[in-house]
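Take a look at the letters that make up each chain.
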Amino acid sequence: MVLASAYNSTDDNAWCPGCGNFGVLRALKQALVSLNLEPWQVLMVSGIGQAAKIPHYLKVNCFNGLHGRSMPAAFGAKMANHKMTVIAAGGDGDAYAEGGNHFVHAMRRNPDITYLVHDNQIYGLTKGQASPTTGLGTLTGTTPFGSVDIPESPLAVAVAMDCSFVARGFAGDLEHLSKIIGAAVKHRGFSLVDILQPCVTFNKVNTYQWYKERVYNLDEDAAYDPKDRTKAFTKALEWGDRIPTGIIYKHERPVFEDSIFKPADKSLSRQPLNPPAPLELLRKYA
Ligand SMILES: Cc1ncc(C[n+]2csc(CCOP(=O)(O)OP(=O)(O)O)c2C)c(N)n1
Ligand code: SF4
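Thresholds applied
- Residues numbered from 1 in each chain as written.
- Chains lettered and ligands numbered in written order.
- Predicted model: local features only at pLDDT ≥ 70, side-chain atom pairs only at ≥ 80, totals over all residues.
- Heavy atoms only, no water.
- Near = heavy atom within 4 Å.
- Nonpolar A, V, L, I, M, F, W, Y, C, P; charged D, E, K, R; others polar.
- Salt bridge = Lys/Arg side-chain N within 4 Å of Asp/Glu carboxyl O.
- Helix = DSSP H or I, 4+ residues; strand = E, 2+ residues; numbered from the N terminus.
- Buried < 20%, exposed > 50% of the residue type's maximum accessible area, 1.4 Å probe, protein only.
- Polar contact = N/O pair within 3.5 Å; in protein donor to acceptor, adjacent residues only side chain to side chain.
- Areas by Shrake-Rupley, 256 points an atom, 1.4 Å probe, with all protein chains shown as cover.

Teacher, can you tell me more about the site of ligand 2 here?
Neighbouring ligand 2 are Trp15, Cys16, Cys19, Gln50, Asn120, Gln197, Cys199, Val200, Thr201 and Phe202. Among the residues making up the shell around ligand 2, the classes are represented as 6 nonpolar, 4 polar and no charged.

Below, the structure is given as structure tokens:
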């Protein structure tokens, strides 16, 4: 049995006291322990930002690359070693702005990767500029008269791309968030978990209290069927007085690495890829 202490990192933590990132870190650690995964079985990939520091605060394999570029690195790692549990993490800017195109195409391909997006609706590391999820009218460093851009709904984008697991968590509800992350990691295929993560320093609108007054747990609604894509799209767009958390959309579809590699290649775990497999495919479809 894996102990939580196995994941303890010795790196100094640079997050502000009270930051929602601490909740994400604790929930993730709890999920990995409950899945009985050893730290060596896990690779965390991130880009740049406050959220993207999370792999430093867990003792796992880590690749910390460029802003908005966690998806290509995570994808490459998963293709090289199918047995590695690959988890990417980053902020809403990293994922939905600088990394927007990679995010969309990763979901379309459906590799077995989990993506945790710490959505604080702001650019935290660079001191509070507007991001793709910043609400209309919000005052930020780059929107001194209030944001006039319609915020992106990442969950609706994910449902539109037929992402095979789409969920939302809240950094202020550790138990539920940890369950969602556990289910996302267990799911075979691409899993998006958009996490409502209060930035106590730069986002004075979407506070813990603001969320507590609005979030509700969709997983408690027995009548809700996450396989129904049309209903999932409606739920994904729900935002205002009520904000759903839990599994919004989930279904099985072919996983990228299962479709592209021959069964014999599956024994290649922990070894470099055998080049003939992709070359053969290229020849076949050229
Ligand atoms: C290509 C590129 N553009 C811009 C930057 C500057 N930059 C670094 S972090 C960041 C924003 C981070 O915001 P977010 O991804 O939402 O994460 P947070 O810090 O809020 O967790 C920006 C714009 C950069 N490093 N690289
Ligand atoms: S600036 Fe915001 S997101 Fe960054 S560590 Fe501080 S509270 Fe967290």
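Help me understand the pattern of salt bridges, please; the structure alone is not making it clear to me.
Where charged atoms from two side chains of opposite charge come close, those side chains can pair. Within the structure shown, the criterion is met by 10 salt bridges. In this structure, the salt-bridge partner of lysine 78 is aspartate 112, at a minimum N-O distance of 3.9 Å. One end of the pair, lysine 78, is in helix H2 (residues 70-80); the other, aspartate 112, is in the loop between helix H4 (100-109) and strand S4 (113-119), and 34 residues separate them in sequence. The exposure class assigned to aspartate 112 is buried, which follows from its relative accessible area of 13%. Among the ionic pairs, arginine 253 bridges to aspartate 162, the shortest N-O distance being 3.7 Å. Here aspartate 162 lies in the loop between helix H5 (154-160) and strand S5 (165-170) and arginine 253 lies in the loop between strand S8 (243-250) and helix H9 (256-260), a separation of 91 residues in the sequence. We classify arginine 253 as buried; its relative accessible area is 19%.

What is the right way to read the site of ligand 1 from this model?
The full set close to ligand 1 counts 16 residues, and Gln50, Ala51, Gly93, Asp94 and Gly124 are the nearest of them. A distance of 2.8 Å separates an oxygen atom of ligand 1 from a polar backbone atom of glutamine 50. For ligand 1, an oxygen atom lies 2.7 Å from a polar atom in the backbone of aspartate 94. For ligand 1, the protein covers 73% of the area, taking 590 Å² as the surface of the free molecule.

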